[in-house]
Every structure is written in C-alpha cells, then in structure tokens.
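# Remarks on the overall topology
Each chain, letter by letter, is given below.
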Amino acid sequence: MQQLPGPCPAHLIPDVTHRFDAAYRAAKTRGAVFVGIEREGERWTVKADALTAGPAHVVAEAVNVALRAAIVRLVHEREAGPDAFAGPVYFMLHGVPRETRARELAAAFHAALHGDLGPLRRAVPGADVDQDAGTDIDG
C-alpha cells in the first residue's frame, strides 16, 4: 500500500473497496491515520480512523466536536445516510452520492484528524459546531 501524506489531498484518497483490510493494516503498521473510500453499489462510504496512528496520536475534543457537527449536517442534508458513525477516533459516512464528494469529505476528515479543521469547514459549510454539537445523528 502507498504511504499517504498527512493530511492527504482528495485526489490521493485511496479507493479501498476490495482491499480495506490490507489498507487498514498498512496504516496501522506505519502508525498513520487511516483514510479511505469504498464503493457500495451506486454510492460511496468514507472511513477515517485515528486508532491506527497509535496512542501518541490524540484527537482533540474540538476536532471531535467539529467532525460530529459536520456529520450531523451531512446526514441532515441527505449527503450521507443516517447510519453514520461519529467518533471519538473512528468516523464513517455511508451513502455519499458521488466519488468526488466522498474523496473531498475523506480528505477533510483526514485533515481534521491531523488538527487542521480548514478543509472540513470548506467541505461542509454551515456546520455550526456550537449549534450541532451534541445533536443526535438521527435527529
């Protein structure tokens, strides 16, 4: 598996549709934050996981709040399915309609897990962290 820069730009986000286990193991072996997209029929899944980076990689509470707010917004806007998973170290979106959007979101999640919330704010405008923090994903 190719080593990804951290954070990873959208065009380099790997499609791990048929090789998730290998990609996840490779990230864990390198001590890197895992990121990838998977095709599910006509839609895409975004996965990002900081657990693979090891115990020294700490996800700040502000990052968790921002990622959760973005996920809530994406589910509310029907850009992702209600079965999204939001943290604290693993984040997943099902039902993303386009590959380019899945890559954009995966890159934004990856950047956030590296402490840069700028790409997340650009990818999910209107995700007011203060308003959405603590909101149920299904709500």
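Scroll up to find the structure.
The rules behind these values
- Residues numbered from 1 in each chain as written.
- Predicted model: local features only at pLDDT ≥ 70, side-chain atom pairs only at ≥ 80, totals over all residues.
- Heavy atoms only, no water.
- Helix = DSSP H or I, 4+ residues; strand = E, 2+ residues; numbered from the N terminus.
- Expected span 1.5 Å × (residues − 1).
- Buried < 20%, exposed > 50% of the residue type's maximum accessible area, 1.4 Å probe, protein only.
- Contact = heavy atoms within 4.5 Å.
- Polar contact = N/O pair within 3.5 Å; in protein donor to acceptor, adjacent residues only side chain to side chain.

Taking 1.5 Å of rise per residue, 15 residues should cover 21 Å, and helix α3 (residues 99-113) covers 21 Å from first to last C-alpha, within 8% of that figure. Across the 15 residues that make up α3, a large majority, twelve, are buried. Residues of α3 that are buried: Arg-101, Ala-102, Arg-103, Leu-105, Ala-106, Ala-107, Ala-108, Phe-109, His-110, Ala-111, Ala-112 and Leu-113. Where the residues of α3 are buried, they touch β1 (34-40), β2 (43-49), α2 (61-76), β4 (90-96) and α4 (118-123). Where α3 terminates, the next one or two residues include Gly-115, which has phi positive at roughly 95°.

A word on the side chain of His-94. The topology assignment puts His-94 in strand β4. Residue His-94 is classed as buried on the basis of its relative accessible area, which comes to 16%. A distance of 3.0 Å separates polar atoms of two side chains, one belonging to His-94 and the other to Thr-45. Excluding residues that lie within four positions of it along the chain, His-94 makes contacts with Glu-40, Trp-44, Thr-45, Ala-80, Gly-81 and Asp-83.

Coordinates in, geometry out; function isn't part of it.
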